[in-house]
Every structure is written in C-alpha cells, then in structure tokens.
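Summary of structural features
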Amino acid sequence: MRKPAVPSGSAGFTHVNQEIAVTVEDQTPEPVSVRVRLDISYDGTDFTGWARQPGLRTVQGVLEEALSKVRREPIALTVAGRTDAGVHAQGQVAHFDTHGELDGPRLLHRLARFLPKDVRVTGVRLVPPEFDARFSAIRRHYAYRLTTAPYGAEPLQTRHVVPVRAGADLEAMRAASRKLLGLHDFAAFCRRREGATTIRELQRFDWEQEGDLLTAYVSADAFCWSMVRSLVGAVLSVGEGRRTPEWVGGLLDERERASAVAVAPAHGLSLIAVDYPVDSELAARNMATREMRTVPDSTGCCGD
C-alpha cells in the first residue's frame, strides 16, 4: 500500500515551530538595573585620596572591591567629591548601578564586615535613575578644623585637627572670607586641571570658635582641585597679620594659581555633607551642572 504523501508545508511547519521556540527563548527578560545611593564616612589618613589608582590604597578602590564581592558583579562608583590624599569625609555620597533585587539593610550589614575600620557605608537606598551623585549635587559642605591650644592637637584629634598659633584675628579672617562669597573665577585658589573650569559659586565661608577649636565652614555648588585648603590658607595669613582682607579679595582678579597662597594641610579638612534637589528636579539639575559657567560681566546694565 502506498504511504500517504506528506502534505507540502509540513517541513515548513516544523521549521516555524522551531523559530517560535527560539523567539520565545530570546524573550527572556533581562535583569532589571537599579541605581543605589551610598552615604559614606572615612578617615582619609591612610588613603591616597578617593580616586582609584593602580597599586595604591584609595577609598574608591576599597569600596568597589567590597561591593563587587558582596554583589557578585563588577561595581563602579560615581562620587560627589573626589577628596585628596589625607582628606576625610563624614557626608560623602556615591552611587552605583546593579542588577537584581537590593536589600539595603542587609547590604549595609554585610559591608560592615567586608570594609576596613577607616571607611564605613552609613546609608544605602534606592534612588531614581536620574540621580547622579556628582552632577545632581546642589552644593557641597566642608569643615576645616584647627586648634589654637598651646600644646597642639589633643591625641584623639591629631589626625583631624591642625595646630596653629594662638592670637589669630578672627574678625579680620571673617572680613576676608566675606569678600570671596558669590560667583567668581577662583583660579588663584585652584590647581590647574586641563579642561576644568575654575568658576564656582561660594555660598558660605565663615568661622566659628569654641574654646581652642577654630572651624571654617565652606560651602559651594562645587570646588576645584585644592580650592578649600587654599581658601583656608589665604584667610589664615590674614588672621596672622601677614596679609589684609583686601589682598584676599584682590586674588579674585587673578587668572592663574597665585603662588603667594599657601595650601593648608590636608588632614584638617572633612567633607561633611552634600545637598541634592527633590527627585522631580534631578534631570534639570544634571543638565545645568554640565553647562560651562561664566562669570557675569559686572560692567553690564543689569548686573549692578
């Protein structure tokens, strides 16, 4: 008996089924990426600054290594402010992207076990994808701590407080600091970096004294390299009677780093906080931060 003929298209039907099977398999959803904010504190004494450097111990390197082990995937951090060697932080902020679910309290607890004692992650939370630790920041707050005690810094403060001579003219220092407030070109106070602007808006620069402890509080939308330590060094020269407040104000006319400005020691400086806008304003802030700023023309009609 002759076998029934195989209908034309049967082979095609089998092929189509295979294509459908492959298509369904290809539609397996990718792991969802989420953005995570970290609040970070560290003693910068034994770090070569924040930024990762081959063969050197840095805050970024230590944190990324610990996070990559805990998350079992490569983690890259973006930070609010790249602190120099020896500079500390109480309120540093960074973010990273990761796949899968995130249990914030569990990650916080595990990092406490993996990290060395001189760096701590103090907060973990999910943030919108528009959040950028660097470009979303509205302002950064630093504190610079000195002591006028005749015996120098207390043993428990020696890694974070700089000893200076007693008798500094605090009112003259405050007068000099006020002359620097506002939107200016701070080139005289910044170490040059190719392609980086030195235009910044200094929003706070004042001094508080409690007993022998003298603290400068400095806030701006952003800071250029060594700017805070140079500001402190310049104003200290006024307090010691070597310079005048007018000399400090005149530095804003310089367009290159001023060799007469001393850079204060790194260990007195700490990043204490970073401010961000509400979530709905993050994208707009990112765009504004990326724009190259210029100093308004003071001779114009509307800047008077």
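So, here is what we can say about the structure in this document. Within every chain, residues take consecutive numbers counted from 1 along the sequence as written. For this predicted model, a pLDDT threshold of at least 70 governs which residues receive local features, and a threshold of 80 or more governs which side-chain atom pairs are given and counted, while totals over whole chains, interfaces and linings are taken from all residues. Each side-chain value is derived from all of the structure's non-hydrogen atoms; neither hydrogens nor water enter the calculation.

Some remarks on the packing of aromatic side chains
By convention, a stacked pair of Phe, Tyr or Trp rings (six-membered ring in the case of Trp) has centres within 6.5 Å and planes under 30 degrees apart, an edge-to-face pair has planes over 60 apart, and any other such pair is tilted. Taken as a whole and assessed by the stated rule, the structure comprises 6 aromatic pairs. Taking 4.8 Å as the distance between ring centres and 50° as the angle between the ring planes, the aromatic pair formed by Phe-131 and Tyr-276 counts as tilted. In this pair, Phe-131 sits in the loop between strand S4 (119-127) and strand S5 (139-147) while Tyr-276 sits in the loop between strand S10 (269-275) and helix H7 (282-290), placing the two residues 145 residues apart along the sequence. Think of it in three bands: with a 1.4 Å probe and only protein chains considered, a residue is buried below 20% of the maximum accessible area for its type, exposed above 50%, and partly exposed in between. Residue class for Phe-131 comes out buried when judged on its relative accessible area of 4%. Centroid distance Phe-205 to Trp-207: 6.0 Å. Interplanar angle 35°. Geometry classified as tilted. Under the DSSP-based scheme used, a helix requires at least four consecutive residues in state H or I and a strand at least two consecutive residues in state E, with every element numbered from the N terminus.

Remarks on helix H3 (residues 104-114)
When we look at burial in H3, the residues that qualify are Gly-104, Leu-107 and Leu-111. An end-on view of H3 places all buried positions within 60° of arc, on one side of the element. Residues of H3 that are exposed and point over 90 degrees away from its buried face: Pro-105, Arg-106, His-109 and Arg-113. One side-chain oxygen of the residue at the start of H3 lies 3.2 Å from the amide nitrogen of Arg-106, identifying that residue as Asp-103. Throughout, the arc means the angular range of directions from the helix axis out to the C-beta atoms. In protein, a polar contact means a hydrogen-donor-capable atom and an acceptor-capable atom, both N or O and within 3.5 Å, with residues adjacent in sequence counting only if both atoms are side-chain atoms; elsewhere, any N or O pair within 3.5 Å suffices.

Some details on the pairing of S10
Note: two strands are recorded as paired if DSSP finds a minimum of 2 bridges between them. Two elements, strand S3 (residues 88-99) and S10, share 2 bridges in a ladder whose sense is parallel. Residue pairing across strands places Ala-89 opposite Leu-271, the latter belonging to S10. Relative to S10, S5 runs antiparallel, the two being bridged by 6 bridges. The residue of S10 that forms the bridge with Tyr-144 is Leu-269.

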